[in-house]
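Residues per chain are reported as follows:
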Amino acid sequence: MVGVKMAAAAAASIRERQTVALKRMLNFNVPHVKNSTGEPVWKVLIYDRFGQDIISPLLSVKELRDMGITLHLLLHSDRDPIPDVPAVYFVMPTEENIDRMCQDLRNQLYESYYLNFISAISRSKLEDIANAALAASAVTQVAKVFDQYLNFITLEDDMFVLCNQNKELVSYRAINRPDITDTEMETVMDTIVDSLFCFFVTLGAVPIIRCSRGTAAEMVAVKLDKKLRENLRDARNSLFTGDTLGAGQFSFQRPLLVLVDRNVDLATPLHHTWTYQALVHDVLDFHLNRVNLEESSGVENSPAGARPKRKNKKSYDLTPVDKFWQKHKGSPFPEVAESVQQELESYRAQEDEVKRLKSIMGLEGEDEGAISMLSDNTAKLTSAVSSLPELLEKKRLIDLHTNVATAVLEHIKARKLDVYFEYEEKIMSKTTLDKSLLDIISDPDAGTPEDKMRLFLIYYISAQQAPSEADLEQYKKALIDAGCNLNPLQYIKQWKAFAKMASAPASYGNTTTKPMGLLSRVMNTGSQFVMEGVKNLVLKQQNLPVTRILDNLMEMKSNPETDDYRYFDPKMLRGNDSSVPRNKNPFQEAIVFVVGGGNYIEYQNLVDYIKGKQGKHILYGCSELFNATQFIKQLSQLGQK
């Protein structure tokens, strides 16, 4: 148990740290004290889209209100003057944002202005604001100007993504475009490094950096090392001194940052998956922790010729407060369906108990028995009433997950995703295949054209030797007949030839999923989930390439795959480029960052891996978070050129 306690104490997660930083900012950059009596100061929050994306996964509208935020508005919307209220701005230091802020000052919209920049503002732009404030004689109103260094989005306690707004700037496609110029590449790298720098400032730690050679990850490492080094050297303005350090979870030992290039493993982002969170991201519209569902209202029972009812759009937030989500987001889907069912049954039992008590209370003491029952039941009723809010919350979560899981299940059944998942696992782990790839591609009932394309690309990427031209033609014909767009294959072909990956394709472990026979318990008719025909596949832990690389570097294992990774330590005075790590001890904390985009499959794989390592923590980050559909689209654009 000691280990668990220690871990709990150490884990001031990045999520908490960013939330604390935001609350401090909303409190005029004074640390937020929880139980201070009295009303908060009422204020308005003005943000741009970047600020909105950073705040929305972390603070609910209710939490903002508790912090005194009565209104939250986009910077570039039409805003009315509210002359007696302070305004807290949270925006990127871009030209147009600065212009708009200067305009606000001239129009005297608010009583005072607290200007917070998501990322550091340049000297010249600061002067622009100062000049505008002078011209509008509003100098006294500009109360504070702060660089917040919060230019990244935290989605989980242990997961972050760089940006959401202009993610095409740092996308896999942007980094791997054949016609990219050096200056464009510099811009992409600077954008990534700026966010990573903000991340480490918020974390309050200077990492030791490892990266693969000759990749975009290496360019990021070099720039990040330089930026951290410059900041540490400027002792007066260093962001890594004093109170921020030592207070964090990293006070004993510095964390390891492993920078991985997406090209290490292109199969995983295309893989069909079997765990809840990754499935939701794959088949539904799931974005910054919010899932949008279209609810089809029943058409069956409407009279012939009636217009089909229009679909209702519903959105649900899947947050850390949601206990069910926290517990099951990494579980295999059949297990989730079963758990929703169990939750529903326990809820119904509680509800029946409350109803039963009500009916007993209706007995106006006709006989002795009822009276004696009454006194017992008053206590019971009191406890039942006090548990009502809890009960309602439970009901809300059950409804939410029933809807989300049902939507996922519809996709699994319609597209035979269990078949794809199992078949791809076999391909990736080089097990013998029980039926031919051509059969699945030509089966009109199995999946969408995109599903078929994903399957074929995984086969192509994972193959020891590429299929012969004749075979490839046959596959291509089948894919075209199935309605697939072959552009992604064009790119993957070039990529494979260029990378000479055929010599050593990434290995994905050699374990397989074991079908456990169909679900027995969920099959009974009382269940909401008719899982007939869906295989109950149980996952065995196998490390994906990214997890394997992390394991080698974190545990200091010698492995040809990672032995020549570069080593940077921004705290060393002279930057010496060596791949020989000075630190020989295994790390306790690590951050894996994928340059070129990540996904929930890798995240889940890392979470499962670290569960077995006591007292160790890892964070997963990526330049953007895409699902297979979005990734295929990028591959397709690359293949067109």
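Not measured: the values here are computed from a predicted model.

**Student:** Describe the overall build of the protein chain, with residues and values.
**Tutor:** Counting secondary structure elements, the protein chain contains 22 helices and 17 strands. Every one of the 641 residues in the protein chain was classed for burial, and the buried ones make up 50%. For the protein chain, the share of sequence-separated contacts (at least 6 apart) that also reach a separation of at least 24 residues comes to 79%. When the accessible surface of the protein chain is split by element, carbon and sulfur atoms take 54% of a total near 30200 Å².

**Student:** So what about a negative patch on the surface? Which residues, and what values?
**Tutor:** Together, E95, E96, D99 and D128 line one region of the surface with negative charge. Looking at the negative patch element by element, the count peaks at three residues for helix α5 (residues 95-106). In this structure E96 comes out as exposed when scored by relative accessible area, which is 53%.

**Student:** Can you lay out unusual backbone geometry for me, pointing to particular residues and giving the numbers?
**Tutor:** Residue N29 is not a glycine yet carries a positive backbone phi of 60°. Relative to the helices and strands, N29 is located in the loop between α2 (14-26) and β1 (43-47). Phi angles above zero are rare outside glycine, and M556 is one such case at about 55°. Note that M556 resides in the loop between α20 (545-554) and β15 (566-568).

**Student:** If you had to explain the pattern of salt bridges to someone new, which residues and values would you point to?
**Tutor:** Evaluated as defined, the whole model comprises 28 salt bridges. Measuring nitrogen to oxygen at the nearest pair gives 3.4 Å for the salt bridge that ties R123 to E127. Separated by four residues within a single helix, R123 and E127 lie in helix α6 (residues 123-135), roughly one turn from each other. Residue E127 is classed as partly exposed on the basis of its relative accessible area of 39%. Of the charged contacts in the structure, one is a salt bridge between D551 and K557, with a shortest N-O distance of 2.4 Å. For D551, a relative accessible area of 7% gives the class buried. Classification of K557 by relative accessible area gives partly exposed; the value is 40%. Three or more residues are tied together by salt bridges with common partners; here these are D282, R415, D451 and R454.

**Student:** Outline the pairing of strand β6 (residues 153-156), supporting the account with residue identities and numerical values.
**Tutor:** On a regular strand, each side chain points to the face opposite its neighbour's, so the side chains alternate between the two faces of the sheet. Two elements, β6 and strand β7 (residues 159-161), share three bridges in a ladder whose sense is antiparallel. Counted as the bridge partner of I153 is V161 from β7.

**Student:** Report on the packing of helix α10 (residues 276-283) against helix α14 (residues 388-415), specifying residues and quantitative values.
**Tutor:** At a minimum axis separation of 10 Å, α10 and α14 run at an interaxial angle of 70°. When the axis of α10 is compared with that of α14, the two are roughly perpendicular. Both α10 and α14 take part in a crossing whose hand is left-handed. On α14, the residues touching Y276, L279, V280 and V283 of α10 are H401, V404, A405, V408, H411, I412 and R415.

**Student:** Tell me about the environment of V340, and please be specific about residues and values.
**Tutor:** Topologically, V340 is positioned in helix α12 (residues 333-361). The exposure class of V340 is buried, given its relative accessible area of 3%. In the structure, V340 is positioned 58 residues away from I398 in sequence and 6.5 Å away in space, judged by C-alpha atoms.

**Student:** Explain the sheet that holds strand β9 (residues 256-261) residue by residue, including any values.
**Tutor:** Reading across the sheet, the seven strands line up as β6-β7-β17-β16-β9-β8-β15 and stay open at both edges, with mixed pairing between neighbours. Edge positions in the sheet fall to β6 and β15, since each has one partner strand and no second. On average, each strand axis in the sheet is inclined to that of its neighbour by 20°, with strand direction left out of account. The strands touched by α2 are β6 and β17 (617-622); relative to β6, the strand with the most contacts, the crossing angle is about 135°. Together, β7, β9, β16 (589-595) and β17 form the strand contacts of helix α8 (residues 182-203), whose direction differs from that of β16 by roughly 165°.

**Student:** Go over the pairing of β17 with me, naming the residues and quoting the values.
**Tutor:** β17 sits mainly inside the fold: six of its six residues count as buried. A two-sided burial pattern is seen for β17, the buried positions comprising H617, L619 and G621 on one face and I618, Y620 and C622 on the other. As paired strands, β7 and β17 are joined by three bridges and run parallel to one another. Along β17, the bridge assignment pairs M159 with Y620. With respect to chirality, the unit in which β16 leads through helix α21 (residues 600-611) into the neighbouring parallel β17 is right-handed.

**Student:** Before we move on, can you summarise the packing of helix α18 (residues 469-481) against helix α19 (residues 487-499) with the specific residues and values?
**Tutor:** At a closest axis distance of 12 Å, the pairing of α18 and α19 adopts a crossing angle of 155°. By the angle between their axes, α18 is roughly antiparallel relative to α19. Every pair of crossing elements has a handedness; the one defined by α18 and α19 is right-handed. Residue-level inspection shows E469, L472 and K476 of α18 in contact with α19, the latter providing L489, Q490 and K493. Considering only residue class, the contact of α18 with α19 consists of two nonpolar, one polar and three charged.

Calculation rules
- Residues numbered from 1 in each chain as written.
- Predicted model: local features only at pLDDT ≥ 70, side-chain atom pairs only at ≥ 80, totals over all residues.
- Heavy atoms only, no water.
- Helix = DSSP H or I, 4+ residues; strand = E, 2+ residues; numbered from the N terminus.
- Buried < 20%, exposed > 50% of the residue type's maximum accessible area, 1.4 Å probe, protein only.
- Contact = heavy atoms within 4.5 Å.
- Areas by Shrake-Rupley, 256 points an atom, 1.4 Å probe, with all protein chains shown as cover.
- Patch = residues over 30% accessible without salt bridge, like charges linked within 9 Å, V, L, I, M, F, W, Y side chains within 5 Å.
- Salt bridge = Lys/Arg side-chain N within 4 Å of Asp/Glu carboxyl O.
- Lys, Arg positive; Asp, Glu negative; His and termini not counted.
- Charge placed at Lys NZ, Arg CZ, Asp CG, Glu CD.
- Pairing = 2+ DSSP bridges.
- Axes fitted to C-alpha atoms, helices over the stretch in contact; angles between N-to-C directions.
- Parallel < 35°, antiparallel > 145°, perpendicular 65-115°, else oblique.
- Left-handed = near helix turned anticlockwise from the far one by under 90°.
- Right-handed = clockwise from strand over helix to strand, strands pointing away.
- Nonpolar A, V, L, I, M, F, W, Y, C, P; charged D, E, K, R; others polar.

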